Structure formats: C-alpha cells, structure tokens
Amino acid sequence: MVRIDFNDINDKIIYEAFHVEGNEAEALNDSYLELFELIGRDAMLKLFTHFHGDKIDCPMRLYRPEFIADLAKGETDRRERAKIARAGGYSARVIEGLLSKRRKENETE
C-alpha cells in the first residue's frame with residue numbers, strides 16, 4: 001500500500017512512493033521516458049513540474065542571430081565571420097545582412 005502525506009507532497013515524493021525508480025519504462029509516459037533517458041530523473045521531473053500540459057517548441061537554432069552578429073562584427077575577414085555564422089547555426093548571408101542593416105540604421109541616426 002502506498003502512503004502519501006498530502007500535506008507535504010511533490011513529484012519526487014510521488015516518484016519514490018510509486019516505486020518508479022528502475023521501472024521507468026513501465027511507469028512513465030513515452031515523452032517523459034524519452035526525457036528521462038536524455039536528461040535524467042531530476043531534470044525530467046523539473047520539466048514536468050514547470051511545463052506539464054504545455055507544448056514546448058525548441059527552435060532549430062540555439063543562439064539568437066543578433067548575438068551571433070555581435071560576435072562576428074569585430075571580425076574584419078569575411079571568411080572568419082562566415083565561420084562564426086556557421087558555428088552559430090546561421091548562414092554567412094543572414095549574419096552579413098543583419099550587420100548591414102545595423103550599419104544602415106546607425107548611419108541614419
């Protein structure tokens with residue numbers, strides 16, 4: 001029989017009370033099982049606590065293009081700027097276009 005103190009309850013307590021440890025494949029929904037396997041129990045429970053019921057959309061790129069442009073703008077060699085752009089997941093054309101737009105904005109101010 002599972003005893004749960006409803007005055008002091010959280011997802012970790014339930015995880016332990018339900019004896020999920022070692023039985024994740026049988027206990028967890030597929031999405032949470034995949035998260036468990038990727039990032040571990042504590043991070044999976046944290047995501048569940050904060051985002052359950054929400055749809056999480058993960059963009060294709062980790063970094064904002066403005067951030068990558070800021071990194072690239074100090075580089076004078078276009079090839080090096082292109083390497084920075086590609087490392088950030090962007091094409092050199094996108095970053096050059098952003099830098100050009102910024103230069104034009106600064107000239108009109």
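Residues numbered from 1 in each chain as written. Predicted model: local features only at pLDDT ≥ 70, side-chain atom pairs only at ≥ 80, totals over all residues. Heavy atoms only, no water.

*Asks:* Even after reading the chapter, I still don't get a nonpolar patch on the surface, so can you show me in this structure?
*Replies:* A surface patch of nonpolar side chains, amounting to about 450 Å² of accessible area, comprises L62, Y63, F67 and L71. Along the chain, Y63 falls in the loop between α4 (41-51) and α5 (65-72). Y63 sits in the partly exposed class, given a relative accessible area of 40%. (Patch = residues over 30% accessible without salt bridge, like charges linked within 9 Å, V, L, I, M, F, W, Y side chains within 5 Å. Areas by Shrake-Rupley, 256 points an atom, 1.4 Å probe, with all protein chains shown as cover. Salt bridge = Lys/Arg side-chain N within 4 Å of Asp/Glu carboxyl O. Helix = DSSP H or I, 4+ residues; strand = E, 2+ residues; numbered from the N terminus. Buried < 20%, exposed > 50% of the residue type's maximum accessible area, 1.4 Å probe, protein only.)

*Asks:* Could you clarify how one ought to interpret the packing of α5 against helix α7 (residues 92-108) in this entry?
*Replies:* Helix packing geometry: the angle between the two helix axes and the distance between the axes. Taken N-terminus to C-terminus, the directions of α5 and α7 make an angle of 80°; their axes are 9 Å apart at the nearest point. The angle between α5 and α7 falls in the class roughly perpendicular. Mapping the contact onto sequence places P65, E66, I68, A69, D70 and A72 in α5 and I95, L98, L99 and R102 in α7. The residue inventory of the contact of α5 with α7, partitioned by class, reads seven nonpolar, no polar and three charged. (Axes fitted to C-alpha atoms, helices over the stretch in contact; angles between N-to-C directions. Parallel < 35°, antiparallel > 145°, perpendicular 65-115°, else oblique. Contact = heavy atoms within 4.5 Å. Nonpolar A, V, L, I, M, F, W, Y, C, P; charged D, E, K, R; others polar.)

*Asks:* Looking at this model, I keep getting lost on unusual backbone geometry. Mind explaining?
*Replies:* Keep in mind that most residues, glycine aside, have a negative phi and that most peptide bonds are trans. For H19, which is not glycine, the phi dihedral falls at a positive 55°. Locating H19 in the fold gives a position in the loop between α1 (11-17) and α2 (24-27).

*Asks:* What exactly am I supposed to notice about the pattern of salt bridges here?
*Replies:* Two side chains bearing opposite charge may form a pair once their charged atoms approach each other closely. Tallied over the full model, the rule gives eight salt bridges. Between R79 and D77 there is a salt bridge whose closest N-O contact spans 3.7 Å. Take D77: its relative accessible area is 27%, and that puts it in the partly exposed class. Residue E80 is joined to K83 by a salt bridge in which the shortest nitrogen-to-oxygen separation is 3.2 Å.

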